[in-house]
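The primary structure of each chain is shown beneath.
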Amino acid sequence: MKQSQMQPAIRRYFTLLELMVVLVLASMLMLIALPAFESIISGNAVKASSSQVGSLIQLGRQYAISQRRPVAIVMPGDEGTSIPEEHKFRVVRLAYIEKTSSGTYDFVDWVPASKWLYMPVGALIMEVDQDIGIQDNVTYSNNPMDNGATTIDKVDLSAALGGNASIDNVRCIIFASTGRIIGNGLHVTIGEAAFANGYWIIKRAADTPTNISSANQVNLELNRFTGHHVFRYPEDY
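Throughout what follows, the structure given in this document is the object of discussion. (Residues numbered from 1 in each chain as written. Predicted model: local features only at pLDDT ≥ 70, side-chain atom pairs only at ≥ 80, totals over all residues. Heavy atoms only, no water.)

Focus: the nonpolar core
The line we're drawing: Residues grouped as a nonpolar core are buried Ala, Val, Leu, Ile, Met, Phe, Trp, Tyr and Cys residues, joined through side-chain atoms within 4.5 Å. Think of it in three bands: residues with accessible area under 20% of the maximum for their type are buried, residues over 50% are exposed, and the middle band is partly exposed, with areas taken using a 1.4 Å probe on protein chains only. Each helix corresponds to a stretch of at least 4 residues labelled H or I by DSSP, and each strand to a stretch of at least 2 residues labelled E; elements are numbered beginning at the N terminus. Residue contacts are defined here by distance: any two heavy atoms, one from each residue, within 4.5 Å place the two residues in contact.
If you look at the biggest cluster of nonpolar residues, it comprises 26 residues, and the most contacted ones within it are Val-53, Met-75, Ile-125, Ile-173 and Val-188. If one sorts the elements of this core by residue count, helix H2 (residues 16-67) sits on top with six residues. Other than its neighbours up to four places away in sequence, Val-53 contacts Met-75, Met-119, Ile-125, Val-188, Ile-190 and Leu-220. One finds Val-91, Ile-97, Trp-110 and Trp-116 within the second-largest nonpolar core, a separate group that totals 18 residues.

Concerning unusual backbone geometry
Notably, Ala-159 is not glycine yet its phi reads approximately 55°, a positive angle. Note on placement: Ala-159 falls in the loop between strand E6 (151-152) and strand E7 (170-175). On the accessibility criterion, Ala-159 (75% relative accessible area) is exposed. Its identity is not glycine, yet Asn-169 carries a phi of approximately 60°, on the positive side. Position of Asn-169 among the secondary structure elements: in the loop between E6 and E7.

Observations concerning the pairing of strand E12 (residues 217-222)
Note the threshold: Each pair of strands is called paired provided DSSP finds at least two bridges between the two strands.
The buried fraction of E12 amounts to five of the six residues, a majority that puts the element mostly inside the structure. Alignment of strand E9 (residues 187-192) against E12, held across five bridges, turns out to be antiparallel. Its bridge partner lying in E12, Ile-190 is registered against Val-218. For E12 and strand E13 (residues 229-232), the ladder comprises four bridges, and the chain directions are antiparallel. Bridging from a neighbouring strand, Asn-219 pairs with Arg-232 of E13.

Observations concerning the environment of Ile-174
Relative to the helices and strands, Ile-174 resides in strand E7. Sequence-wise, Ile-174 and Ala-64 are 110 residues apart; in three dimensions their C-alpha atoms are separated by 9.2 Å. Residues within four places of Ile-174 in sequence aside, it is in contact with Val-71, Ala-72, Ile-97, Tyr-105, Thr-150, Thr-151, Ile-152, Arg-180, Ile-181 and Ile-182.

Some details on the sheet that holds E12
The cut-off we apply is this: Note on method: axes are straight lines fitted to C-alpha atoms, helices fitted across the in-contact stretch only, with angles between N-to-C directions ranging 0 to 180 degrees.
The four strands lie next to each other as E5-E9-E12-E13, forming an open sheet whose pairing is antiparallel. Every interior strand has two partners, whereas the edge strands, strand E5 (123-129) and E13, have only one. Mean inter-strand twist for the sheet, computed between neighbouring axes without regard to direction, equals 20°.

Describing the packing of aromatic side chains
How two aromatic rings sit relative to each other is given by the distance of their centres and the angle of their planes. Basically, it comes down to this: The aromatic pairing rule takes the rings of Phe, Tyr and Trp, using the six-membered ring of Trp, and pairs them if the centres are within 6.5 Å, calling planes under 30 degrees apart stacked, those over 60 edge-to-face and the rest tilted. Counted as over-ring charges are cases with an Arg CZ or a Lys NZ within 6 Å of the ring centre that also lie within 35 degrees of the ring normal.
Applying the stated criterion across every chain, the model contains five aromatic pairs. Ring pairs connect the aromatic residues Phe-89, Phe-195 and Trp-200, which therefore count as one cluster. The cationic tip of Arg-69 hangs over the ring face of Tyr-96; the distance from NZ or CZ to the ring centre is 3.9 Å.

Given below as structure tokens:
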């Protein structure tokens with residue numbers, strides 16, 4: 001038998017120092033890649049939320065036409081201090097409403113089988129009003145402001161949301177029984193942000209234009225007559 005065949009196989013093991021070096025390098029690579037992963041996750045949250053809200057708006061229009069009564073897509077913001085902050089600007093639900101003698105609209109009841117739809121963490125329904133996108137000043141934390149929003153009164157935000165049973169001036173999109181949008185609410189803007197203590201908390205790139213408070217945002221522009229929407233992005237504003 002040859003001598004080489006008689007020798008036992010030589011196994012080489014990693015030393016503790018080599019393992020530590022590998023772990024340090026892996027940790028450094030993870031730290032470098034982490035912001036990119038966070039950006040991907042938050043970007044997907046905004047896009048997913050935009051699609052969900054768009055689908056619910058279309059569903060609301062179908063209810064209004066089929067039931068022959070006005071329907072509101074209710075998207076509470078900062079109305080009423082009794083609503084916990086984790087629910088503000090994050091939820092949407094369909095409701096039946098009625099027109100009052102003064103021309104305003106009151107909440108009647110939630111559409112049967114409807115539930116609160118929550119936006120993923122990191123995505124908020126920042127505005128529901130008549131202008132495109134989020135407009136503000138150069139600061140990073142800003143007061144939310146809906147310009148010319150359509151609202152309804154006496155909304156029951158108790159139960160799941162933990163608010164009062166009758167809150168006025170809750171922002172929404174309203175469909176008449178004909179399927180036509182009532183009021184000025186033709187834009188829904190969803191952006192990457194958090195809400196705390198009455199302010200937007202926004203991560204924003206240094207080169208972001210100062211008139212856009214959230215660099216990552218999508219605006220749903222609604223057609224008054226058909227309810228259909230198109231997506232607008234900051235570069236289109």
